[in-house]
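The residues making up each chain are set out below.
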Amino acid sequence: MPAPRTLLLTGAAGGLGTLMRSLLPAHGYHLRLLDARPVPDAPDAITADLADLDALCEAVRGTDAVLHLAGISLEAPFEKILKANIEGTYHLYEAARLEGVPRVVFASSNHAVGDTPVPAPDGPRIPVDTPHRPDTFYGLSKCFGEDLAQLYWDRHGIETVSVRIGSCFPEPTSVRMLSIWLSPADAARLFHAALTAGDVGHTVVYGSSANTRLWWDLTSARALGYTPEDDSEPYAAKLIAEQGELDPANPANDRLGGHFLTDPPIWPY
Ligand code: NAI
Ligand code: 15L
């Protein structure tokens, strides 16, 4: 799949969307932008909600692929997750099917498997086929998105790379992030690999830089042609001095999802 290519970037006004708006054009993409809120400095961006299937059909029309970042990116009441992340991702795939878009890169999350124990420092890294163990309704919506992607590959031939992103911010800001950080430049490299690799069917990968303290296995990401160039380790000494080493006896530290497992619930049970 040769670049340059016309790419619909959903969630273009968000943190990751803003980073990708500046980094992906250098990989050869012409970006079409979409978000529920206006995208700063982008007068041509499409302002539309994932609830609006007609708007999504118009937005994907004529594109080569979609990088689907839009949605709620943290835990929220189930009804909100249902609308934005579950129904919204379904609408996105329906638009791709109706308009003949061949490939989606789906922003999944480490929280799809967030209730999985953190690996021992000298033990094997978490494989990509570890069972879904969501830590939140948010994580559950990412499990749904991955299964939806599988369904649309099996039934409709739409290819997807589901990227279980660790934590993508300009710098790691916690000791946990030392193990899961995805630098913005590596994120652009990984999305480019996911958009251009041949015959991906539905492939699930973890999205991280080449961190010294990495928790999961990047084999399937590397098989796409992704070669991470960054490592969180230069930030380790400062973060550990400020915050201390992760104490595995602390329930916020013994699972991949970290504080998502221990934050006070914000929904009624
Ligand atoms: P963000 O919250 O900064 O941006 C999400 C964007 O989606 C926002 O601009 C928002 O307006 C838009 N959006 C939300 N609901 C929408 C709807 N119904 N219709 C249209 N647009 C809607 O999140 P961030 O950090 O940029 O993450 C992007 C994606 O990557 C999300 O799907 C998130 O779950 C996923 N992800 C991000 C990680 C990170 O470290 N940044 C880690 C793991 C996953
Ligand atoms: C996510 O899925 C969130 O979208 C992001 O904001 C971070 O919280 C990240 O996970 C994380 O686990 O650090």
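Residues numbered from 1 in each chain as written. Chains lettered and ligands numbered in written order. Predicted model: local features only at pLDDT ≥ 70, side-chain atom pairs only at ≥ 80, totals over all residues. Heavy atoms only, no water.

Trainee: With reference to specific residues and values, describe the confidence of the model for the chain.
Mentor: Residue-level pLDDT values for the chain average 95, and 97% of them are 70 or greater. Confidence, read as mean pLDDT per element, is least for strand 1 (residues 5-10) in the chain (96) and greatest for strand 6 (residues 159-165) (99). (pLDDT = per-residue confidence, 0-100. Helix = DSSP H or I, 4+ residues; strand = E, 2+ residues; numbered from the N terminus.)

Trainee: Can you tell me about the packing of helix 1 (residues 15-23) against helix 6 (residues 184-196), naming the residues and giving the values?
Mentor: Running from N to C, helix 1 and helix 6 point in directions that differ by 75°, and their axes come no closer than 10 Å. Taken together, helix 1 and helix 6 sit at an angle that is classed as roughly perpendicular. Every residue of helix 6 that contacts helix 1 at L16, L19, M20 and L23 is listed here: P184, A185, A187, A188 and F191. (Axes fitted to C-alpha atoms, helices over the stretch in contact; angles between N-to-C directions. Parallel < 35°, antiparallel > 145°, perpendicular 65-115°, else oblique. Contact = heavy atoms within 4.5 Å.)

Trainee: Give me the lowdown on the packing of aromatic side chains, citing residues and values where you can.
Mentor: Overall, the coordinates contain five aromatic pairs when judged by the stated rule. Centre to centre, the rings of Y138 and F260 are 6.1 Å apart; their planes meet at 40°, and the pair counts as tilted. With Y138 in helix 4 (residues 137-156) and F260 in the segment after helix 8 (236-243), the pair connects residues that are 122 residues apart, well separated along the chain. Where W181 meets Y235, the ring centres are 5.6 Å apart and the plane angle is 70°; that geometry is what we call edge-to-face. Of this pair, W181 sits in the loop between helix 5 (175-180) and helix 6 while Y235 sits in the loop between helix 7 (219-223) and helix 8, and the two are 54 residues apart along the sequence. (Phe/Tyr/Trp six-rings, centres within 6.5 Å; stacked < 30°, edge-to-face > 60°.)

Trainee: Quick one: what's the story with the sheet that holds strand 5 (residues 103-109), residue by residue and with numbers?
Mentor: If you walk across this open sheet you meet the seven strands as 3-2-1-4-5-6-7, and the pairing is parallel. Of all the strands in the sheet, just strand 3 (46-47) and strand 7 (202-207) have a single pairing partner and so form its edges. When strand 4 (residues 65-68) meets strand 5, the two strands line up parallel, connected through three bridges. The residue bridging L67 from the neighbouring strand is V105, located in strand 5. Helix-sheet contacts for helix 3 (residues 78-99) involve strand 1, strand 4, strand 5 and strand 6, and the interaxial angle to strand 5 is about 170°. (Pairing = 2+ DSSP bridges.)

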